[in-house]
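As a plain string of letters, each chain reads:
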Amino acid sequence: MNHVASTFESNALLLVGVALAFAVAMILAVVIERFAVAGHEAWLRRTTRHYTPLVRLALAGDPGARAALRRSPTWHRITIARMILIPLITDRDPARIADARELIDALPLMPFAAQLLRSPWWWRRAMALRALGAMQADGYTGPIVAALDDSNDDVRNTALDALADMHDPASLPAIVVRLHDASLHRARRGAALAAFGSACEPFLLDLAAVDTEHRLNYAMALGICGTTAARPILCEWSGDARAPVRAAAMAALSRIGVDRASVPFAIAALEDGDAAVRAMAAAALHGYADRDTAASLAGHLDDTWAVAVRAARSLQTMEAAGRAELEARATGAGLPALLARQMLWEAKASR
Amino acid sequence: MSLTTGLVAFTVVVATYFVAYNLSQFAMAGVAGRFLWRYRRRRNPRNLALVARLAAPPFVSIVVPAHNEALTIVDSIRALLALEYEAREIVVVNDGSKDDTLAILTQAFKLVEAPVAFVQPLKSAPLRGVYRSLVEPALIVIDKANGGSKSDAVNAGINAASGRLILVIDADTMLEPDALSRAAMPFLEHPDTVAVGGYVAIANGCRIEHGRVTDVAMPRSWLARFQIVEYMRNFLLFRVTCASGNGVTLISGAFGLFLRDALIDVGGYDGTAIGEDMDLTLRLQAYYRQRKRPIRIAHVPLPVCWTQAPEDWQSMRAQRCRWRRGLLQVLWRQRRMIGNPRYGIIGMGVLPYIAIFEGLGPLIELLGYIVTTVAFFLGLLDWQHWRVMLAASILFGAATTLVSVFLSDISTRKYLHPRDLALLVTSAILENAGYRQLNTWWGCVGTLQAMTGKTGWGPMKRKAF
């Protein structure tokens, strides 16, 4: 036992040494990191302060400022590129983008971005994609589309963002085809479609005609970028055997808005056996101020809650026809009456 | 077996436990460091702009339970209304406050009683009225009888919420302006996400204006300083490591974003749970994993919100004893998950770790202190041995906390002033000489309270911002 104790004691001393070394190393790491970052930030502040007026003038077309930027050391170029490109994330004014692209081209930073696209480090490839997308770099659609098949998922998703920013119609088929690619973030796929808007619709309709398996995705996509041209096919899909497809078709109709031809489909969907379909059908009828439609909707104020609340919201938008139905049901007790009173109160409060 | 042999055997057991714990902490530091590095790389202005570019960002209902919050509620609500996320509503639940919470809200936001219909799938104490604001359409105030727990108030808020996502916060939680955008991202990126938690930072010592932290600084109180480094260790080592392996078992009650349907599926918060936040997170994990449904609970490793830490011993003791009771209760309730492969990483990794190192930790640590001290005074242990044990314990504790200070500094860099950094480092070292042992003691008191069936929150002193 004494042997165990002595072994333990000698190891315990070793432990103390290791712990002390770790503690001291961590203190040093914190201090060194802080000094390094403080130094870098100070350099960044100085550099930014120095180049801000030059970048502003260069973007306005001042040849002297452009020449000064071209003379800048190469290790300042990424900072300068950031100063030019980061504002483009929120400001997508085409003229501003064109100015930025021209300036980046003049510096010249395009070859550098192309070089980064081939970097073994994923974050560098992603950075290059973001930059190319932000400035809508002509001639780079191909490499960006190719990046949709990158081995790194962050790079693939950044490529999708970049294509949304590029807004090059040539990339549209590649984006629409990847509508079903679950390795790309759902929201990014939606944002890319939203960026192109109704330009996606013909591709979606063509593909949907031959690819019935992914109809749900097409219906959801048409909910993002569909126009009145999609109504007939959405009405057709309201009879699909799959409930999620029927619900998505109605959800898309609710975004596009119904017309005289599509209203009967929505009213028929109100009687669907699936609550999600009924709820979306109720939402689809919003704004269609017609007495019979309002009466159909009012009959669903005591349906499942998801349906009832959408029916009530749609009635709220149906002017006199909806108001009459709500007023008729607002008296008495129970959830449907309370819902009707809420809609009437909100309409009055918003006035 | 002689007393000496027994003592040596016990010491070896404690030392093994101690080495295993510290090794796990350093392993976590590596995993967390990698996770934070990757998160930082992905966190760029273009990614943050994604939410703003969506045609229809997910609608979020922010549920704020308020019980006697007259001091802070208006500033809190104003800060929530100023969040950089448009698709949101705020549901304040006045949980039978005895102070002027409702009157102050009525005056500040021109509340009127209004008809608001909603189904109530979750049980809560009876509602007394529903109020809408004439100046802030996104604000709904539910007035209800006190249900005796935060869970009851939150459940009432979830019932009234119309968002697909529900953000549950405390009334005194101060959110970062972009907290919702950041927390919503995992839902947009991964369809299996059912909940998102975040790093809750301590606001003591910070400058606060209109319910928002505008300047970060270290507090004057050492108790609050110790809690700052303690939170760093918990949020940046353990939780980040769990998140990197999809094994999150706790979304803090101060900030949790949930799928409303998931909350309804599991029956909402449990009013009988002492640690209602951990109880809910584990029930979500259990519910989805039992049904073999995909589940992802994400963690935002940057401060998403700020909260007040107790600065007096009495509140601190009450809080720690309550946390301890909550932990033991939830471990007992979910004991079938521990070591059960059906629950994946939760059953086979995270919960056994929590049971061994958090469940048994305070008891083994206290026993270690007692036995070594008694043995020392009985002459069975020499002074050198005792000193070595104590030094190793303090130094390893300091080293792991310093790792989390380092991770915090490279990932968030909130404490910019050199004086604050010096205080952080000092707190990380001093925390291990007294504060940690006190926590161990409170852990044991909490265990005793759990065994004797004590309930309730205990005294908590509150301050205005």
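If you're wondering where the values come from, they're calculated on a predicted model, not measured in any experiment.

Let's talk about the domain arrangement of chain B
Frequently, the measure chosen for interface size is the accessible area that the parts lose on association. Residue and element names in this part refer to chain B. Assigned domains within chain B: domain 1 (15-25 + 351-451) and domain 2 (27-50 + 60-337). Centre-to-centre separation of domain 1 and domain 2, based on C-alpha positions: 28 Å. Residue-level contacts link 44 residues of domain 1 with 44 residues of domain 2. Here domain 1 and domain 2 share an interface that buries about 3,900 Å² over both sides, 69% of which is from carbon and sulfur atoms. When the buried area of domain 1 at its contact with domain 2 is split by residue, Leu351, Tyr435 and Trp442 rank highest and sum to 18% of it. Where domain 1 packs against domain 2, one counts 2 salt bridges.

Some remarks on the pattern of salt bridges
Scanning all chains against the criterion turns up 35 salt bridges over all chains. The salt bridge involving Asp152(B) is made with Lys144(B); its shortest N-O contact spans 2.5 Å. In terms of burial, Asp152(B) and Lys144(B) fall into one category: buried. The partner of Arg233(B) in a salt bridge is Glu431(B), with the nearest N and O atoms 2.8 Å apart. Taken together, the positions of Arg233(B) in helix H8 (residues 222-244) and Glu431(B) in helix H15 (residues 418-451) put the pair 198 residues apart, joining distant regions of the chain. Here the two residues Arg233(B) and Glu431(B) agree in accessibility, since each one is buried. Through salt bridges with shared partners, one network takes in Asp153(A), Asp154(A), Asp161(A), Asp165(A), Arg188(A), Arg38(B), Arg42(B), Arg46(B) and Glu189(B).

Some words on the confidence of the model for chain B
Confidence in the prediction of chain B, expressed as mean pLDDT, is 90, and 97% of residues score 70 or more. Reported confidences for the modelled complex are a pTM of 0.89 and an ipTM of 0.85.

Considering the environment of Ala79(B)
Residues and elements named next belong to chain B. Looking at the element boundaries, Ala79 is found in helix H4 (residues 73-81). Here the alpha-carbon distance between Ala79 and Trp37, two residues 42 residues apart in the chain, equals 30 Å. Those residues in contact with Ala79 that lie beyond four places of it in its chain are His210, Gly211 and Arg212.

What counts, and at which threshold
- Residues numbered from 1 in each chain as written.
- Chains lettered and ligands numbered in written order.
- Predicted model: local features only at pLDDT ≥ 70, side-chain atom pairs only at ≥ 80, totals over all residues.
- Heavy atoms only, no water.
- Domains from an automatic or database assignment.
- Contact = heavy atoms within 4.5 Å.
- Buried area = accessible area lost by both parts, 1.4 Å probe.
- Salt bridge = Lys/Arg side-chain N within 4 Å of Asp/Glu carboxyl O.
- Buried < 20%, exposed > 50% of the residue type's maximum accessible area, 1.4 Å probe, protein only.
- Helix = DSSP H or I, 4+ residues; strand = E, 2+ residues; numbered from the N terminus.
- pLDDT = per-residue confidence, 0-100.

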